[in-house]
Amino acid sequence: MIVRLMGRGQWRLDDALIDELNRIDAALDDDINRGDATEFREHLAAMHRLIEERGEPVPEDELVPSDAFVPPVDCSLEELRKLMDPDGLIPGAPAKEGADG
Amino acid sequence: MLKRLAAIFQAKANKALDRLEDPREMLDLSYEKQVEMLRDVKRGIVEVTAARRRLELQAEELRAKLPTFDAQAMQALKNGREDLARIALERKASTQAQIESFEAQVANLRAEQEQLVQAEQRLQAKVEAFRTRKEVLKAQYTAAKATVRIGEAVTGLSEEMTDVGYAIQRAEDRTAQLKSRGQAIQELLESGVLEDSLGGTTGIDRELEALGRQASIDAELERLRAAMAAGEANR
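Here is a short report on the structure shown in this document. (Residues numbered from 1 in each chain as written. Chains lettered and ligands numbered in written order. Predicted model: local features only at pLDDT ≥ 70, side-chain atom pairs only at ≥ 80, totals over all residues. Heavy atoms only, no water.)

## Things to note about the overall build of chain A
In step 1: Of regular secondary structure, chain A possesses three helices and four strands.
In step 2: Along chain A, helices (α) and strands (β) appear in the sequence β-β-α-α-β-β-α when read from the amino end.
In step 3: Relative to its 101 residues, chain A shows a buried fraction of 44%.
In step 4: Residue pairs at least 24 apart in sequence account for 61% of intrachain contacts in chain A once pairs closer than 6 positions are excluded.
In step 5: When the accessible surface of chain A is totalled, it reaches about 5,100 Å², and 46% of it is carbon and sulfur. (Helix = DSSP H or I, 4+ residues; strand = E, 2+ residues; numbered from the N terminus. Buried < 20%, exposed > 50% of the residue type's maximum accessible area, 1.4 Å probe, protein only. Contact = heavy atoms within 4.5 Å. Areas by Shrake-Rupley, 256 points an atom, 1.4 Å probe, with all protein chains shown as cover.)

Below is the structure:
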């Protein structure tokens, strides 16, 4: 699985780590829904650690799309909401999917 | 969240993919466009770096103004106005705290921009890799899988581009926020009035100002007296 840490580049993750990644992702979704900024920041930092410590950086000359994007480690809830808004930051983004994130 | 963000960021690249019927044509167009965007990225980084340098200078200028408060406090004490001296020192402490937090944020911005430079270098390497790859892919175009690989290469590069673009926008936003923050501190320093903690201080300001004026008049008088004394001595 290829994961992008936004602004930092891509990492290749072993399949064995996907469960752990999904677990943190679910926790993040929960934090977003509850609007819990503190927990969100902690889970986001944990996710960055998992990827950086146990993933393998994708070489610079390799061109692969990512399966997942992780927001910058200091991304606020508000900033994330803007990122996820289809009419927001990214021009030409698709319509919003379900609220499951 | 992770997959949705990926979908949002990649949508743009896929849109570009759908528009062109011949992927070979798309490879060339895509490359040209990426080279153009890389130039924009470089320009963007130069701009945010310059803006950050201005913020660093501004922080230095603000800090250099702090001794004004000491001078005010000293003057007030000389005139037996401990109350006014206290206010001047309170202002100094409060302004200093604001300047320190401003400096810390400018330092963060610097670290962020260092990452931005790395991102630009990565992007440059990817654009270069794309250039090599596109010729190979064009030659292999008849192979059934080529289209898929072309899609991956384009999406991979475009995704990188969008990501760097976002990082630059982020740095620009922060720079702008800090710029107005710096201006606000500057205005506070210039007016000598610090927010609500010292609400209704106009009278105090007038007194401090009057003390300052008094001091400069005293100094002037002193100078005149000395000049006169020197004149008499010479006579």
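## Points about the overall build of chain B
In step 1: If you tally the helices and strands in chain B, you get six helices and zero strands.
In step 2: Mapped from its N terminus to its C terminus, chain B presents α and β elements in the order α-α-α-α-α-α.
In step 3: For chain B, with 235 residues in total, the buried portion stands at 39%.
In step 4: Taking as baseline every contact in chain B between residues at least 6 positions apart, the subset at least 24 positions apart corresponds to 84%.
In step 5: If you sum the accessible surface of chain B, you get close to 13,200 Å²; carbon and sulfur atoms cover 52% of it.

## Focus on the pairing of strand β2 (residues 9-12) of chain A
For a regular strand, side-chain orientation follows a simple rule: the groups alternate between the two sheet faces.
Residues and elements named next belong to chain A.
In step 1: Where strand β1 (residues 2-5) lies against β2, four bridges are found, and the strand directions are antiparallel. Bridge pairing in β2 links Val 3 to Trp 11.
In step 2: In textbook terms, the turn of a hairpin is the stretch between consecutive antiparallel strands, and for β1 and β2 this stretch comprises three residues, one of which, Gly 7, has a positive phi near 85°.
In step 3: In this structure, β2 lies alongside strand β3 (residues 56-57), joined through two bridges in antiparallel fashion. If you follow Arg 12 over to β3, its bridge partner there is Glu 56. (Pairing = 2+ DSSP bridges.)

## Some remarks on the packing of helix α1 (residues 18-34) of chain A against helix α2 (residues 37-54) of chain A
To describe two helices that pack against each other, one gives the angle between their axes and the distance between the axes.
Residues and elements named next belong to chain A.
In step 1: Orientation of α1 relative to α2, taken along the N-to-C sense of each, is 160°, at an axis distance of 9 Å. Put simply, α1 runs roughly antiparallel to α2. Crossing hand, α1 versus α2: left-handed. Within the contact between the two elements, α1 uses Glu 20, Leu 21, Ile 24, Asp 25, Ala 27, Leu 28, Asp 31 and Ile 32 and α2 uses Glu 39, Phe 40, His 43, Leu 44, Ala 46, Met 47, Leu 50, Ile 51 and Arg 54.
In step 2: The class makeup of the residues in the contact of α1 with α2 is 11 nonpolar, one polar and five charged. (Axes fitted to C-alpha atoms, helices over the stretch in contact; angles between N-to-C directions. Parallel < 35°, antiparallel > 145°, perpendicular 65-115°, else oblique. Left-handed = near helix turned anticlockwise from the far one by under 90°. Nonpolar A, V, L, I, M, F, W, Y, C, P; charged D, E, K, R; others polar.)

## Structural notes on the pairing of β1 of chain A
Residue and element names in this part refer to chain A.
In step 1: Of the two faces of β1, both are covered, the one formed by Ile 2 and Arg 4 as well as the one formed by Val 3 and Leu 5.
In step 2: Examined bridge by bridge, β1 and strand β4 (residues 68-70) share three bridges and lie parallel to one another. Across the sheet, Arg 4 pairs through a bridge with Phe 69, a residue of β4.

## Brief notes about the environment of Val 154 of chain B
All names here are of chain B.
In step 1: As for its placement among the helices and strands, Val 154 is situated in helix α5 (residues 146-191).
In step 2: Using a relative accessible area of 4% as the deciding quantity, one classes Val 154 as buried.
In step 3: Separated by 20 residues in the primary sequence, Val 154 and Lys 134 have C-alpha atoms spaced 9.4 Å apart.

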